[in-house]
Amino acid sequence: MRFSATVTILCITSLTAACVDTALRNEADAFLTAYEDQLQQLYHEWSEADWASNTHIVEGDTTNAARTRRAREAFVRFAGSSENIDTIRAYLEMRDRLSPLQIRRLEKMLYLAAEGPQSIPDIVQQRIAEETEQVERLYGYAFTLRGRPITPNEIAGLLRTSNDLAERRAVWQASKEVGAELKPGIMTLRDLRNQTVQALGYTDFFSYQVSDYGMTTDEMLRLMDRLVEQLRPLYRELHTWARYALAERYGAPVPDLLPAHWLPNRWAQDWSPLVEVEGINVDSALATQSPEWIMQQGEAFYTSLGFDPLPASFWERSSLYPLPADAPYKKNTHASAWHLDLASDVRSLMSVEADPYWYETVHHELGHVYYFISYSRPDVPLVLREGANRAYHEAIGSMIGLAASQRRFLVNRGLAPEEAEVDRMAQLLKEALNHVVFIPFSAGVMTRFERALYVDELPGSAFNATWWDLVRRYQGVVPPTPRGERYADGVTKTHINDDPGQYYDYALSTALLFQLHDHVATQILKQDVHDTDYYGNRDVGSFLRDLMAPGASRPWRQVLRETTGRELDAQAMLDYFAPLYDWLVEQNQGRTHTVPDL
């Protein structure tokens, strides 16, 4: 590496340690810049190919899959090249002479290298090929109900609305049939993912993913257990209430544990459709609107806070609405936000319809998009253009989703009449059936299942037994009938296939969103945490911008302490739902609590 003449002369004449360190930092900067320029180009090519694989799925056509595989292989060949790994490690051995930001960049680059170390190129290539094919299996699967096609949106809709237990059972079972097709791929991928990261010294893929938080697997499990334990008394009351409420709805005896097909979500992770909040009929207000209007409202929320309008390219390149019934291809129907070039190319993949679910989801997904935009600036190096940790991205989006469902916000947006008197307890109950109910699933079932999958190398002969044991213990839920190992019900969860080993992100983000919301409500808006309206408040926008703009360039724990004043836990959730807990205890007097102890 050639240094500037001035630096060279100074070093020769002074030979000071500071001068040598300056030269080293300049040399490191040159390497980092060259690395990031190449990484950005390769990442963009991979992202474009992956976007096509998710938005244009043609049965029997492997063109997109092959393109995605080639692009990803090129990316990991560069990120995981032996030359880059050796150079990164050499610089990190001199970390005491580098700047903190340089060290963060180098550590992130070494983390990225573990996704495809070229010391084992055959394993890396096999993993990429298998992951690409698994995505095709997952999103190209044709669900059927009693011999006719049924879409994932239709499955979700029936589980939210049907009171016919026979129909519910058939729909729930139909939603699980894809697991058998996905199971062989997951078993192969588990081995390949483990072998890939083991080449750089990680014990297993799950521990590798956890390390991105600066934590060990045991530390993460303790944090997850803490969240579950803090919320367990409240969850026990919710579980008891749901057993009795659903038994009455379906005209059936009260079960000890909740049958999975009784619940309005195929993984029992969200029970909020069980409650209709009187006083605000958002369904009817939205039914007269178009999906395009829903998107416009989402953008208007952020611009009201002082953010710029979404770039024209977002509207031109995103895939926002359901495909026509006669479309000759399929697309991934799971809502997501994309940052294709780690700079200005931001997009979203959704299937927006004019209903409350998509209204909230649009506000959530645009939270991701505006997070991308906020940290895509020169002060944040390319490899650190991500959330302060992975949970931050979800927390921002979910916090906005929560705020967009509160009475004051809805009234001020014209989605509820000004004189509407909301049943506050019903509103709290609905929110708890979303957020509190989610913690045993995310922090318990999913985290423990994926830990067993990767750390314990869970055998295929125990997939379903392990899954349902966890579901029973953490959620108090059981299948309609015994499910043998022909099925792989856990594997039907999208994230196990294409976003693996990090579902605890969502548990952390749920706790984090309540801490952030508590700060916004009490410290900025001076409003009741249960009845806020962020819309149009530039101070809220400034808070969010300050939170998002650093990306991952600063330690996440430091950012959390500065923004909320405390470490991450479930206390803000407990405070938020304290009135509901008292109400549930009263409602459940004389009822039997049956959710298992942990």
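Refer to the structure printed above.
The shown structure was predicted, so the numbers you read here are calculated from the model rather than taken from an experiment.

S.K.: Is there a simple way to think about empty space enclosed by the protein in this case?
M.R.: Empty space among the atoms can be located by rolling a probe the size of a water molecule over them. Tallied over the entire structure, the rule returns one cavity of 30 Å³ or more. Its boundaries defined by the atoms lining it, the largest cavity holds a volume of some 70 Å³. Together, Trp172, Lys176, Ala260, Arg266, Trp267, Ala268, Trp467, Trp468, Val471, Gln475, Val477 and Asp489 line the largest cavity. Elements that contribute at least two residues to the lining of the largest cavity include exactly helix H8 (165-176) and helix H19 (463-475). In terms of residue count, the dominant contributor to the lining of the largest cavity is H19 (four residues). Taken together, the residues of the lining of the largest cavity break down into eight nonpolar, one polar and three charged.

S.K.: What should I look at first to understand the layout of surface pockets in this one?
M.R.: The volume enclosed by the second largest pocket comes to roughly 510 Å³. Forming the walls of the second largest pocket are 23 residues, and the residues nearest its centre are Glu107, Lys108, Ser211, Asp212 and Gly214. Where the lining of the second largest pocket is concerned, the elements lending two or more residues are helix H4 (82-92), helix H5 (100-113) and helix H23 (556-564). Looking at which element gives the most residues to the lining of the second largest pocket, the answer is H5, with five residues. Within the lining of the second largest pocket, the residues separate by chemical class into 11 nonpolar, three polar and nine charged.

S.K.: Honestly, the pairing of strand E5 (residues 346-349) in this entry has me stumped. Any pointers?
M.R.: The side chains of a regular strand alternate, residue by residue, between the two faces of the sheet. Residues Val346 and Ser348 line one face of E5 and the alternating positions Arg347 and Leu349 line the opposite face, and both faces are buried. Across four bridges, the pairing between strand E4 (residues 336-339) and E5 is antiparallel. By the bridge assignment, His339 is partnered in E5 with Val346. Linkage of E4 to E5, two consecutive antiparallel strands, is achieved through a turn of six residues, within which Leu342 is found at a positive phi near 60 degrees.

S.K.: Would you mind showing me how to read the packing of aromatic side chains here?
M.R.: Any aromatic ring pair is given by two values, namely how distant the centres are and how the planes are angled relative to each other. Counted under the stated rule, the structure contains 39 aromatic pairs. Between Trp51 and Trp338, the aromatic rings sit 5.1 Å apart at their centres with planes inclined by 90 degrees, giving edge-to-face as the arrangement. Residue Trp51 is found in helix H2 (residues 17-55), and its partner Trp338 is found in strand E4; the two are separated by 287 residues along the sequence. Accessibility assignment for this pair places Trp51 and Trp338 in one class, buried. On the basis of an interplanar angle of 70 degrees and a centroid distance of 6.3 Å, the ring pair of Tyr302 and Phe307 is categorised as edge-to-face. Overall, the relative accessible area of 2% leaves Tyr302 in the buried class. Accessibility expressed as a relative area gives 8% for Phe307, which makes it buried. A connected cluster of aromatic rings, assembled from ring pairs, spans Phe438, Phe441, Phe449, Phe463, Trp467, Tyr503 and Tyr506. Looking at Lys493, its charged tip hangs above the ring of Trp267, at a distance of 4.3 Å from the centre. Lying across the ring of Phe307, Arg545 places its NZ or CZ 4.6 Å from the centre.

Thresholds applied
Every chain is numbered independently, its residues counted from 1 as its sequence is written. Note on the predicted model: pLDDT of at least 70 is required for a residue's local features to be given, and 80 or more for side-chain atom pairs to be given and counted; whole-chain, interface and lining totals, by contrast, use all residues. To obtain the side-chain values, all non-hydrogen atoms of the structure were used and water was disregarded. Both site types are read off a 1 Å grid over the protein atoms alone. A 1.4 Å probe that fits but cannot get out defines a cavity, while an open set with protein on both sides within 12 Å along at least five of seven lines defines a pocket; lining residues have an atom within 4 Å of a point. Grid points are joined across faces, edges and corners, and a volume is the space filled by probe spheres set on the points. Think of it this way: any DSSP run of H or I at least four residues long counts as a helix, any run of E at least two long counts as a strand, and we number them from the N terminus. All residues other than Ala, Val, Leu, Ile, Met, Phe, Trp, Tyr, Cys, Pro, Asp, Glu, Lys and Arg, Gly among them, are scored as polar; the first ten of these are nonpolar and the last four charged. Think of it in three bands: with a 1.4 Å probe and only protein chains considered, a residue is buried below 20% of the maximum accessible area for its type, exposed above 50%, and partly exposed in between. At least two bridges found by DSSP between two strands is the condition for calling them paired. Between rings of Phe, Tyr and Trp, where Trp is taken as its six-membered ring, a pair exists when centres lie within 6.5 Å; planes separated by under 30 degrees are stacked, by over 60 edge-to-face, and by other angles tilted. Whether a charge sits over a ring depends on NZ of Lys or CZ of Arg being within 6 Å of the ring centre and within 35 degrees of the ring normal.

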